[in-house]
Structures are given as C-alpha cells and as structure tokens.
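Fold and geometry: a report
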Amino acid sequence: MNNEQQPIIVGLDIGTTKIAAIAGRKNEYGKLEIIGFGRANSNGVKHGQVLNIDETIKAIQMALDNCYASNPNLEINEVYVGIAGHHIKSLQTRGDIVRQHTEEEITHREIDQLIADQYKTYIPAGDQIIDVIPQEFTVDNFQNIPNPIGYGGVKIGANFHIITGDKNAIRNINRAVEKSGLHTKDLVLQPLASAAAVMGHEDLEAGVAIVDIGGGTTDLAVFYEGILKHTAVIPFGGENITNDIKTGLGVLKTQAEQMKVQFGSALANEAKGNAFITIPGLRGMPAKEISVKNLANIIQARMNEIMDFVTYHLKQVGLDNRTLNGGIVLTGGGAQLRHLIQLTEYVTGLNARIGFPTEHLAAGHIEELAKPTYSTCIGLILKGYSDYENNRKQFEHQFRKVEIPEALKKAAIEEKVMEEPVEMEQSEKVKNRKGIKDFWGKFKDGIIDLFKEEEDHAL
C-alpha cells in the first residue's frame, strides 16, 4: 500500500522523567517512518501518575512544540497515550456466550461481543477497566484455541486478563491530554506498548518477561505460549536510584543523575576500586571525591530490589527459569545502565538482553529513536496501527501527504547533558549493543528475533 494512504499515528508517553511525542506512518514495507519527534522534561508526574495537571500540560505542550519543530507540516489532534503507576492492577476472569446462529461459522462480531461483555465485570469502587485481553478460547469441547474465527459450535468461551486502574489517575491523564488540545484515542498499558516494540513471535512462544525500567516505575509483562499471562507495575524506577545516590553521597540531584548515566554500574564488583569522580564544590566549598565503587554499591542495592520484585511476580504466576525459555527483555531508559544484564541474570536465574525498538523502524532513522527509552512510544504507534488494520477504531479516510524531515533522517541527535559536569579519573568505554525484534496484533504477528550481544550500552 502507498504510504500516503496510511494514517499518521502519534504516540504520547507521559513518563516521570520525560514526555515523548512521536508521529509515525507505515511505509510500503510495513515499517514505521518517523515523521515527527519531540520530547520534554516531565515535572508533574510521580511514579507514573499525573499529580500536577498544570505542570504536565506545560510538558506535553513543550513535547508537542518540539515535535512540530521537527516537522512543521504535522497536524496532531489524536494521540495514543501510555498509562502506568502503582494503581494499576490485573485480574483473571472467564466469559462464555451461547451462539444464536449455530449453523454458521464464528465471526469477528461474536468475539467482539464476548470481549465487550467483560467490561461489565465487577471491580472495586473507584477503579476502572482499562483493557480486556483475551487469552485462550474454547469452542464447545475444544480447548486452548488461539483464534476461534471460522470454527463452528454452540458455545464460545475464553479466559481474560483484565487490567484496571484508579479512576482519578485515569481522569488526570485524560484531563492533561485534553487541556493540551488533544484527544485521547486510547489508553494503553505501558508494558504492553513496550512489548509490542521489542518482542518477536518466537519470544511469545518461548515465554518471555518484558521488564520496562522507567523513571518512576518498572513495568512487567509476562508472555507464555503466545498468551499474556501477567502484568504488574513495580513502584520503583530510575528516579529512585538517582534519589538514593543523592542521599547516599550527599550530592545534588542533577549531579546524581549524571553520575548514574555516565559512570554508574549495576554490579559493584565490576566497578574499579581506584576510580574516583570529582564533583565541583558549591559556592567556594572544596571539590568532593566520590568512589565509583561506592556509586555502584548504591545502584546495585536498588536494582537488586527491583529484580527481586520481578522474581516474586514470576513465581506468583508459576513462571520461572524452568518455563520462560525466552528469558527477560530489558527495555526503557533504565535498561541502558551498565552491567544490568549480568545483575538480572544473577538475581533471576534467567537469560537477559536489551530490547531495542529498531525492527519496526524504517531504515535511515536517527539513532536517538532506537534507544530503549522510546520503546513505549513506538509501541503506542504500533497499537494504533493494530486498531486501524483490524477496524477497531474510526480513522480518517483522507490522509495528508507529509514528508520525512531531513532532521529525522540523519545521524544521531546530540542530547544536552547537565551543564558542567563531573570529571572522572578513570573510566572505560562501553561498546554499543544492537538488536532487532517485533510484535502486536493481539500478540500474534512476529519476526525472527536476532541479537548481537556485547557489553551494555552506556549513555
């Protein structure tokens, strides 16, 4: 299909540390061409929840302004928005319907009806259903059917994974988006969006846990035998590590963040004992010398805690190192921490790798977009295309012709780091890791997973 006949879909990732807006369109090869990209620092969000609506609106508008600056021809009205936060819960239910026209084959309409019925499930007051995801179906006496369309039978049933969230938290997100002059096309659970961007069909079948380490939360999605088995939101993320460094070493938050990004390691044993970081003194105070080993000890303590939570959730659903052959896929901004793969493998007993959203991107995109930080945003665009291709939502029939701006085609965007920074007496250069993967369409489309593994990517 000519890419001018495809809609432009915008993903809006409202995170604790950053807000990203990415506009994408599929080309004739089914790959995403990024035609707009903007980000801004986030101030009104804590642990994935919008607490200060005014600050969040300012950050959303700045991200949109940057997106328009990257491509002035864009027109953004509707967005797919990611949702996380420790208010997110999930439950398992069972639903059945008896068919009226048993002599005919099962249709999409009947499956949609079965899913729609689950939105009437009783949930505690104050909560709201965000998504209903079918797992395995049954038709009469036939069990474990992945897709019952085309079957014949009297009764269709399915197990469902229902994701719920706090009504006020959902209302705050929608209000912030609407007051920014946008319409929320759909709210998507962030770990599912991230999974869409970094996971392949083989991962689905083998069993895999997607661990998305964001600024305020770590999101978990567990897949086994092609089915979403479990989702969870762990209320710790990169911001907690930064605060631990700030408190433990007595430095400013900006200094703590920069030390984490530039010199941090998730394994204290891998840090050099004779390496020190020099922090400039405040207002005439003498400079401070900080041991890289001490920095790594603080980071490892918090990352250990996060991985212990991951292990706990995997045991809760009976999926551990004996069943998840695909291991753990680490994504999100926190996944770029040095030696995180080794720590994850040590704590969980599972193989681990970094998940990059590169498989879905058309060739020639800027390197910035291939970072795990943008997995959620790329996954939101893929969710939009899944809705468009399966007629789940209404889209415009006339699509505007928008060219890919030159700024998004070339080499990497240089990110501004904190002003004057820290010097290090000894540090090692870490090689880049690259990988490719794929997924969505109710967790069924896939491409072979391929990975070149060296050392962790350091920002």
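Refer to the structure presented above.
Within the protein chain, the secondary structure is distributed over 10 helices and 21 strands. Counting the 459 residues in the protein chain, one finds 56% classified as buried. Summed over all atoms, the accessible surface of the protein chain reaches about 20800 Å², with 48% contributed by carbon and sulfur.

The subject of this paragraph is the sheet that holds strand β10 (residues 155-166). Across the sheet, four strands lie side by side as β7-β10-β8-β9; this open sheet has antiparallel pairing. Two strands close off the open sheet at either side, each with one partner strand: β7 (89-98) and β9 (142-145). Direction aside, neighbouring strands of the sheet carry axes that sit 35 degrees apart on average. Pairing geometry for strand β8 (residues 127-139) and β9, over two bridges, is antiparallel. Considered in β9, the bridge of Phe 137 is made with Ile 145. The strands that helix α2 (residues 108-117) touches are β7, β8 and β10; relative to β10, the one it contacts most, it runs at about 45 degrees.

Bringing the pairing of strand β17 (residues 328-331) into the picture now. Residues in a regular strand project their side chains so that they alternate between the two faces of the sheet. The two faces of β17 match: Ile 328 and Leu 330 on one face and Val 329 and Thr 331 on the other face are all buried. For the segment spanning β17, helix α9 (residues 340-348) and strand β18 (residues 352-354), crossover handedness is right-handed.

Packed helices, taken two at a time, are described by their axes: the angle between them and the distance between them. Between helix α4 (residues 190-198) and helix α10 (residues 375-389), the least distance of the axes is 7 Å, while the angle of their chain directions is 85 degrees. Classed by the angle they form, the pair α4 and α10 counts as roughly perpendicular. Counting all contacts with α4, which are made through Gln 190, Ala 193, Ser 194, Ala 196, Ala 197 and Val 198, the residues of α10 involved are Ser 375, Thr 376, Ile 378, Gly 379, Leu 380 and Leu 382. Looking at side-chain class alone, the contact of α4 with α10 contains seven nonpolar, five polar and no charged residues.

What follows deals with a positive patch on the surface. Residues Lys 167, Arg 171, Arg 175 and Lys 179 make up a contiguous surface patch of positive charge. As for its placement among the helices and strands, Arg 171 is situated in helix α3 (residues 167-179). Given a relative accessible area of 40%, Arg 171 falls into the partly exposed group.

What follows is about the sheet that holds strand β12 (residues 208-213). A sheet is described by the order of its strands in space; here five strands give the open sequence β14-β13-β12-β17-β18, paired in mixed fashion. Two strands bound the open sheet, and with one partner strand each, they are β14 (227-234) and β18. On average, each strand axis in the sheet is tilted by 20 degrees relative to the strand beside it, whichever way the strands run. Sitting on the sheet, α4 touches β12, β13 (218-224), β14 and β17, and the angle it makes with β13 is about 60 degrees.

Moving on to α9. Where α9 is concerned, the buried positions are Leu 340, Ile 341, Leu 343, Thr 344, Val 347 and Thr 348. Along the long axis of α9, the arc covered by the buried residues comes to 165 degrees, so they all point the same way. A positive phi of about 75 degrees marks Gly 349, the residue just after α9.

Let's shift gears to the packing of aromatic side chains. Inspection of every chain in the model, using the stated rule, returns three aromatic pairs. When the centroid spacing of 5.2 Å and the interplanar angle of 85 degrees are considered together, the rings of Phe 37 and Tyr 374 count as edge-to-face. Linking Phe 37 in strand β3 (residues 32-41) with Tyr 374 in the loop between β18 and α10, this pair joins segments that are 337 residues apart in sequence. A single burial state applies to Phe 37 and to Tyr 374, both of which are buried.

Turning to its location among the elements, Ala 275 is positioned in the loop between α7 (253-263) and β15 (276-279). According to the relative accessible area criterion, Ala 275 is buried, its value standing at 1%. Separated by 18 residues in the primary sequence, Ala 275 and Lys 293 have C-alpha atoms spaced 7.7 Å apart.

In this section: the environment of Ile 341. Relative to the elements of secondary structure, Ile 341 occurs in helix α9. Looking at Ile 341, the relative accessible area reads 5%, which means it is buried. Distance in space between the C-alpha atoms of Ile 341 and Ile 354 is 7.6 Å, their sequence separation being 13 residues.

This next bit is on the state of the cysteines. The tally for this structure, following the rule as stated, stands at zero disulfides. Cys 377 supplies the cysteine sulfur nearest to Cys 67, a cysteine that is in no disulfide, at a spacing of 8.9 Å. A relative accessible area of 0% means that Cys 67 is categorised as buried.

Turning to the nonpolar core, a few remarks are in order. Membership of the largest hydrophobic core comes to 69 residues, with the highest contact counts inside it found for Leu 12, Ile 14, Ile 22, Ile 210 and Phe 223. No other element matches helix α1 (residues 53-70), which puts seven residues into this core.

Within the fold, Lys 393 resides in the loop between α10 and β19 (423-424). Each C-alpha atom, one on Lys 393 and one on Lys 185, is 8.5 Å from the other, the two residues being 208 residues apart in sequence. When near neighbours in sequence (up to four residues on either side) are disregarded, Lys 393 contacts Tyr 80, Lys 185, Asp 186 and Asp 387.

Definitions and cut-offs
- Residues numbered from 1 in each chain as written.
- Predicted model: local features only at pLDDT ≥ 70, side-chain atom pairs only at ≥ 80, totals over all residues.
- Heavy atoms only, no water.
- Helix = DSSP H or I, 4+ residues; strand = E, 2+ residues; numbered from the N terminus.
- Buried < 20%, exposed > 50% of the residue type's maximum accessible area, 1.4 Å probe, protein only.
- Areas by Shrake-Rupley, 256 points an atom, 1.4 Å probe, with all protein chains shown as cover.
- Pairing = 2+ DSSP bridges.
- Axes fitted to C-alpha atoms, helices over the stretch in contact; angles between N-to-C directions.
- Contact = heavy atoms within 4.5 Å.
- Right-handed = clockwise from strand over helix to strand, strands pointing away.
- Parallel < 35°, antiparallel > 145°, perpendicular 65-115°, else oblique.
- Nonpolar A, V, L, I, M, F, W, Y, C, P; charged D, E, K, R; others polar.
- Patch = residues over 30% accessible without salt bridge, like charges linked within 9 Å, V, L, I, M, F, W, Y side chains within 5 Å.
- Salt bridge = Lys/Arg side-chain N within 4 Å of Asp/Glu carboxyl O.
- Lys, Arg positive; Asp, Glu negative; His and termini not counted.
- Charge placed at Lys NZ, Arg CZ, Asp CG, Glu CD.
- Arc of directions from axis to C-beta.
- Phe/Tyr/Trp six-rings, centres within 6.5 Å; stacked < 30°, edge-to-face > 60°.
- Disulfide = S-S within 2.5 Å.
- Core = buried A, V, L, I, M, F, W, Y, C linked by side-chain atoms within 4.5 Å.

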